[in-house]
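Coordinates in review
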Amino acid sequence: MTKSSRKVLAVASGGGHWEQLMLLRPKLEEYDVRFATTDRDIAQQRGIANADTLPDCNQDKPFKSALCGFVALWIVLKHRPHIVLSTGAAPGFFCLMAGRLIGARTLWIDSVANGEQLSMCGKLSKRFAHQCLTQWPDVADEPRVKYRGAVL
């Protein structure tokens, strides 16, 4: 299978998570990439007209989180990606979990903002994602959490 035929779903919440994902965009566009985010406007600002939208959620909003989980599953089933990657936060984690259900490879890249410890979703992802990366060498916890450099 060639790079251009591999389907990648790249997911990030708005703000810094999205900005970090966009730094990976040149590499991601070597693949058949689809983007998903919590804010359609930020995708359109980057010229991504067909981005899927997920509800923004967190641990303090259990019903919205459940809805986000279902939307994440729908997006993953719609695209059937070979790889799901996320730079955070909870909506990205839900997409990773849905990706695991269909046999996709999964990659979590914890936000550069988490320099002392993994984010809550990063801690969950290190148990479920095929690979979990931190952007800080001191946060790496080989073999579960690896440091391979920073996105920024």
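The text that follows walks through the structure, step by step, so that each part is easy to find. Throughout this document, residue positions are counted from 1 along each chain, in the order its sequence is written. Only residues with pLDDT of at least 70 get local features here, since the model is predicted, and only at 80 or more are side-chain atom pairs given and counted; chain-wide, interface and lining totals rely on the full set of residues. Side-chain calculation: all heavy atoms of the structure are included, whereas hydrogens and water are not.

Concerning the layout of surface pockets
In the cavity and pocket records, a cavity denotes points on a 1 Å grid over the protein atoms alone where a 1.4 Å probe fits but cannot get out, a pocket denotes an open set with protein on both sides within 12 Å along at least 5 of 7 lines, and lining residues are residues with an atom within 4 Å of a point. Grid points are joined across faces, edges and corners, and a volume is the space filled by probe spheres set on the points. Here the largest pocket defines a volume of roughly 450 Å³. Considering the residues around the largest pocket, the lining is formed by 21 residues, among which L85, L107, I109, Q131 and L133 are closest to the centre. Counting from the N terminus, the helices are the DSSP runs of H or I reaching at least four residues and the strands are the DSSP runs of E reaching at least two. At the level of elements, helix 2 (25–28), strand 4 (83–86), strand 5 (105–109) and strand 6 (131–134) are the ones that each hand at least two residues to the lining of the largest pocket. Of the residues forming the lining of the largest pocket, the biggest block, four residues, is contributed by strand 5. The computed volume of the second largest pocket comes to approximately 250 Å³. What lines the second largest pocket is a set of 18 residues, among which N58, Q59, A90, M120 and C121 lie closest to the centre. Residue assignment for the lining of the second largest pocket shows that the elements contributing at least two residues are helix 5 (90–101) and helix 6 (120–128). Looking at the lining of the second largest pocket residue by residue, the classes come out as nine nonpolar, eight polar and one charged. Note on residue categories: nonpolar means Ala, Val, Leu, Ile, Met, Phe, Trp, Tyr, Cys or Pro, charged means Asp, Glu, Lys or Arg, and polar means any other residue, Gly included.

Description of the pattern of salt bridges
Salt bridge, as used here: a side-chain nitrogen of Lys or Arg that lies within 4 Å of a carboxyl oxygen of Asp or Glu. For the structure shown, the criterion picks out eight salt bridges. With its nearest N and O atoms 3.1 Å apart, the salt bridge here joins D32 to R34. We call a residue buried when its accessible area falls under 20% of the maximum for its residue type, exposed when it is over 50%, and partly exposed in between, using a 1.4 Å probe and counting protein chains only. According to the relative accessible area criterion, D32 is partly exposed, its value standing at 26%. Classification of R34 by relative accessible area gives partly exposed; the value is 31%.

Some remarks on the packing of helix 4 (residues 62–79) against helix 5
Where helix 4 contacts helix 5, the axes come no closer than 8 Å and their chain directions differ by 50°. On the basis of their axis angle, the class for helix 4 and helix 5 is oblique. The interaxial crossing formed by helix 4 with helix 5 has right-handed handedness. Note on element contacts: helix 5 touches helix 4 through P91, F94, C95, A98, G99 and L101, opposite S65, C68, G69, A72, L73 and V76. Class assignment of the residues belonging to the contact of helix 4 with helix 5 gives a composition of nine nonpolar, three polar and no charged. To get an axis, a line is fitted to the C-alpha atoms, and for a helix only the part in contact is used. The angle between two axes follows their N-to-C directions and goes from 0 to 180 degrees. By the definition adopted for this analysis, an angle is roughly parallel if under 35 degrees, roughly antiparallel if over 145, roughly perpendicular if from 65 to 115, and oblique otherwise. The crossing is said to be left-handed when, going from far helix to near helix, the turn is anticlockwise and less than a right angle, and right-handed when the turn is clockwise. By the convention used here, residues are in contact when the closest approach between their heavy atoms is within 4.5 Å.

Things to note about the packing of aromatic side chains
Aromatic pairs are defined between Phe, Tyr and Trp rings, using the six-membered ring for Trp, whenever the two ring centres lie within 6.5 Å; interplanar angles under 30 degrees are classed as stacked, those over 60 as edge-to-face, and all others as tilted. Under the counting rule described, the total for this entry stands at three aromatic pairs. With centroids separated by 6.1 Å and ring planes inclined at 70°, the aromatic side chains of W18 and F35 adopt a geometry described as edge-to-face. Taken together, the residues span a long stretch of sequence, with W18 in helix 1 (residues 16–23) and F35 in strand 2 (residues 32–37) at a distance of 17 residues. Connected via pairs of aromatic rings, a cluster forms that spans F93, F94 and F128.

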